[in-house]
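Coordinates in review
Below, each chain spelled out in residue letters.
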Amino acid sequence: MPVITHDITLVANSLLNDEVAAIPTETVYGLAGNIFSEKAIRRIYEVKQRPLFNPLIVHIAAVKDMWKVASFIPPLAQALAEKFWPGPLTLLLPKKDTVPSIITAGKDTVAVRVPQHPIALSLLEKLPFPLAAPSANPFGSISPTTAEHVASYFKQEFPFILNGGPCKKGIESTIIGFNEHGAIIYRYGSLAIEEIEKITGPLQEYIRNEENPDAPGMLLRHYAPVTKTVLSSDIKKSIAENIGKKIGLLLFDDRYTSDEATVVESLSIDGSMEEAASNLYAAMHRLDQYSLDIIIAERFPDQGLGKSINDRLQRATHP
Ligand code: AMP
Ligand code: MG
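Residues numbered from 1 in each chain as written. Chains lettered and ligands numbered in written order. Predicted model: local features only at pLDDT ≥ 70, side-chain atom pairs only at ≥ 80, totals over all residues. Heavy atoms only, no water.

Comments concerning the sheet that holds strand 13 (residues 247–251)
Put simply, the test is: DSSP bridges decide pairing: two strands pair if at least two such bridges lie between them. Put simply, DSSP H or I for four residues or longer makes a helix, DSSP E for two residues or longer makes a strand, and each gets a number counted from the N terminus. Under this scheme, a helix contributes an axis fitted over its contacting stretch, all axes are lines through C-alpha atoms, and angles between N-to-C directions fall in the 0 to 180 degree range. Contact between two residues is taken to exist if any of their heavy atoms lie within 4.5 Å; hydrogens are not considered.
Read across the open sheet, the four strands follow the order 12-15-13-14; overall the sheet is parallel. The outermost strands of the open sheet, each flanked by one partner alone, are strand 12 (229–232) and strand 14 (261–266). Across the sheet, the mean angle from the axis of one strand to that of its neighbour is 20°, orientation sign disregarded. Summarising the sheet, strand 12 and strand 15 (residues 294–298) pair through four bridges and their orientation is parallel. Paired with Val-230 across the strands is Ile-296, a residue of strand 15. Along the sheet, helix 9 (residues 273–287) contacts strand 13, strand 14 and strand 15; its crossing angle with strand 13, the most-contacted strand, is approximately 175°.

The structure is reproduced here in structure tokens:
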């Protein structure tokens, strides 16, 4: 297992030596490497078993560092960065030639954000380069929101996991791109689109076509437990359909208990979407430990973070 440590300098030195390291952010743990080190970046793809066509998010220390990776910054992007960074918002910007194309999977845009985690920020401030950091999980599986989740996924593939405690937001960043008409939503995430739309106006939906193949964050099946999972708008009915099976329930709040279920995970006691989002992946990790026949997940109200949670549940339940 990689060593779990609180020592930022130790991890910074390892990254300076072209190693990769798991780091905390407010969304999920990332598997980080120097964007200018081909060795480190190749290692990230290899360790995650991530296909090379899936680009990585670049993490920078401050808004002004956007110019280290972007050749042009649309005024809307500048406004969003100033409003929401540090925070769980990733912007797709035209890339500078100096950004290796392996980071962007050959695309001419680079994904960039300033994470809102004191340990990630102090690490970035110690380093002379930005960090590429996709989620620190094997490709397709549930993203890690604690150092222990990361450790459970990997044996010896890299030296250190920097421990920053449980992630406060708990689901990935919201990804926004731009075209001549304005802003486009690429991935629902920890920042509710209603907040973004206050600045951008109504967001355009991302259109998939041959020039825009699905990036894996947008694959139908992703963020998935090993256990078969279904999404339900009627929990009682779904339980009735699965009587006799070993059932796990993944519920929004604690309104509902059931003698038919082996285990019940309530994501928020008082029905807070923020709390539910921050607990979602840890609850999915726990449910996966029970050798259940089925996980029945409750569909969330389709607004605010509920949209992002439903997006993840949908991808977790796709056969
Ligand atoms: P992860 O870091 O594991 O949350 O995954 C990063 C996600 O960022 C990928 O799934 C892509 O969907 C997205 N991404 C990164 N760079 C780009 C880009 N240049 N264009 C479109 N999507 C991107
Ligand atoms: Mg990921």
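That was the structure; now back to the text.
Quick notes on the packing of aromatic side chains
Test applied: By convention, a stacked pair of Phe, Tyr or Trp rings (six-membered ring in the case of Trp) has centres within 6.5 Å and planes under 30 degrees apart, an edge-to-face pair has planes over 60 apart, and any other such pair is tilted. Buried residues are those whose accessible area, probed at 1.4 Å on protein chains only, stays under 20% of the maximum for their type, while exposed residues exceed 50% and partly exposed ones sit between those limits. We call a charge positioned over a ring when the NZ of a Lys or the CZ of an Arg lies within 6 Å of the ring centre and within 35 degrees of the ring normal.
As enumerated under the stated definition, the model contains five aromatic pairs in all. On the basis of an interplanar angle of 65° and a centroid distance of 6.3 Å, the ring pair of Tyr-153 and Phe-154 is categorised as edge-to-face. Overall, the relative accessible area of 23% leaves Tyr-153 in the partly exposed class. We classify Phe-154 as buried; its relative accessible area is 3%. Geometrically, the ring pair formed by Phe-252 and Phe-300 is tilted, given 4.4 Å between the ring centres and 40° between the ring planes. Remark: Phe-300 occurs in the loop between strand 15 and helix 10 (305–317) and Phe-252 occurs in the loop between strand 13 and strand 14; sequence separation between them is 48 residues. Three or more aromatic residues link up through ring pairs in this structure, and these residues are Tyr-153, Phe-154 and Phe-158. The aromatic ring of Tyr-223 is capped on one face by Arg-312, whose charged end is 4.8 Å from the ring centroid.

Re the side chain of His-117
Mapping His-117 onto the fold places it in the loop between strand 6 (109–113) and helix 5 (118–126). When neighbours within four sequence positions are excluded, His-117 is seen to be in contact with Pro-24, Thr-25, Glu-26 and Gly-164.

Topic: the pairing of strand 15
Within strand 15, five of the five residues are buried, which leaves the element mostly enclosed by the surrounding structure. Note: strand 13 against strand 15, four bridges, orientation parallel. Its bridge partner lying in strand 15, Gly-248 is registered against Ile-295.

Focus on the nonpolar core
The line we're drawing: Throughout this description, the term nonpolar core refers to a set of buried Ala, Val, Leu, Ile, Met, Phe, Trp, Tyr and Cys residues connected via side-chain atoms within 4.5 Å.
In this structure, Trp-85, Leu-89, Leu-91, Leu-93, Phe-158 and Ile-176 are the most contacted members of the largest nonpolar core, which totals 50 residues. Top element by residues in this core is helix 2 (residues 38–48). It accounts for five residues. In this structure, Met-273, Ala-276, Leu-292 and Ala-316 belong to the second largest nonpolar core, which totals 26 residues.

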